[in-house]
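Spelled out, the chains give:
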Amino acid sequence: LSQLCPVTAYVEWVELAQLSSGSVFRSIGKAGTIGSSGLHPDSLIPLLRTLFTYAGIESPMKYSGHSLRRGFASWATSNGWDLRMLMEYVGWKNVHSAMRYIEGTDPFAQQRIEHGMRAALQSS
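Quick look at the structure, then. It should be emphasised that the depicted structure is a prediction, and the values quoted were computed from it without experimental measurement.

As for the overall build of the protein
Reasoning step 1: Scanning the protein from N- to C-terminus turns up six helices and two strands.
Reasoning step 2: Listing the helices and strands of the protein from first to last along the sequence gives α-β-β-α-α-α-α-α.
Reasoning step 3: Expressed as a percentage of the 124 residues in the protein, the buried residues total 16%.
Reasoning step 4: The contacts in the protein between residues at least 6 apart in sequence include a share of 29% that link residues at least 24 apart.
Reasoning step 5: Summed over all atoms, the accessible surface of the protein reaches about 9600 Å², with 58% contributed by carbon and sulfur.

In structure tokens form, the structure reads like this:
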């Protein structure tokens, strides 16, 4: 989405946190200091679900790491990545595994989503 692009958010976070190596997802202390090590693997999904709850997303407990992989694969294919490029980038060796994450292309999906977001923002 042009307003909430995950790639743009990632780039801005890396710049803001001044990360040059190591994990992207890190703890943030009460004083705003960024931890030096990555989040524990078991803390990412509960954190994601908490953020989804605060954002008002319906049924946040349904989301998992699979949701993130599927979201990235959908974003990449809708932005012109071909299957081979996506598989190489993500590290998938099997076409059947990759196809589990790719949804059919809908050329109007982004417009419908962004229109819905604008309407929701105007009504709040």
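Focus on the environment of Ser 97
Reasoning step 1: Within the secondary structure, Ser 97 is located in helix 5 (residues 95-99).
Reasoning step 2: Given a relative accessible area of 27%, Ser 97 falls into the partly exposed group.
Reasoning step 3: Through-space distance from the C-alpha of Ser 97 to that of Met 87 is 9.4 Å; in sequence the pair is 10 residues apart.

Side note on a nonpolar patch on the surface
Reasoning step 1: A cluster of nonpolar side chains, namely Val 7, Tyr 10 and Val 11, defines an oily patch on the protein surface of about 240 Å² accessible area.
Reasoning step 2: Mapped onto the elements, Tyr 10 comes out in helix 1 (residues 6-16).
Reasoning step 3: On the accessibility criterion, Tyr 10 (45% relative accessible area) is partly exposed.

Some remarks on unusual backbone geometry
Negative phi values dominate among residues other than glycine, just as trans dominates among peptide bonds.
Reasoning step 1: Even without a glycine there, the phi angle at Gln 18 is positive, about 55 degrees.
Reasoning step 2: By the element assignment, Gln 18 lies in the loop between helix 1 and strand 1 (26-28).
Reasoning step 3: Since its relative accessible area comes to 69%, Gln 18 is described here as exposed.
Reasoning step 4: At Ser 59, a residue that is not glycine, the phi angle is positive and equals roughly 55 degrees.
Reasoning step 5: Among the secondary structure elements, Ser 59 is positioned in the loop between helix 2 (44-54) and helix 3 (65-78).

Section: the packing of helix 3 against helix 4 (residues 83-90)
Reasoning step 1: Put simply, helix 3 and helix 4 touch, their axes get as near as 10 Å, and they point 140 degrees apart. Judged by the sense of rotation from one axis to the other, the crossing of helix 3 with helix 4 is right-handed. Mapping the contact onto sequence places Phe 72, Ala 73, Ala 76 and Thr 77 in helix 3 and Leu 86, Tyr 89 and Val 90 in helix 4.
Reasoning step 2: A breakdown of the residues in the contact of helix 3 with helix 4 according to their chemical character gives six nonpolar, one polar and no charged.

Structural notes on the environment of Thr 50
Reasoning step 1: Tracing the chain through its elements places Thr 50 in helix 2.
Reasoning step 2: A residue is classified by how much of its surface remains accessible, and Thr 50, at 36% relative accessible area, is partly exposed.
Reasoning step 3: Taking the C-alpha atoms as reference, Thr 50 lies 8.9 Å from Met 61; in sequence the two are 11 residues apart.

What to know about the environment of Val 90
Reasoning step 1: With respect to the helices and strands, Val 90 occurs in helix 4.
Reasoning step 2: When the C-alpha positions of Val 90 and Arg 69 are compared, they lie 8.9 Å apart, and in sequence the two are 21 residues distant.

What counts and how
- Residues numbered from 1 in each chain as written.
- Predicted model: local features only at pLDDT ≥ 70, side-chain atom pairs only at ≥ 80, totals over all residues.
- Heavy atoms only, no water.
- Helix = DSSP H or I, 4+ residues; strand = E, 2+ residues; numbered from the N terminus.
- Buried < 20%, exposed > 50% of the residue type's maximum accessible area, 1.4 Å probe, protein only.
- Contact = heavy atoms within 4.5 Å.
- Areas by Shrake-Rupley, 256 points an atom, 1.4 Å probe, with all protein chains shown as cover.
- Patch = residues over 30% accessible without salt bridge, like charges linked within 9 Å, V, L, I, M, F, W, Y side chains within 5 Å.
- Salt bridge = Lys/Arg side-chain N within 4 Å of Asp/Glu carboxyl O.
- Axes fitted to C-alpha atoms, helices over the stretch in contact; angles between N-to-C directions.
- Left-handed = near helix turned anticlockwise from the far one by under 90°.
- Nonpolar A, V, L, I, M, F, W, Y, C, P; charged D, E, K, R; others polar.

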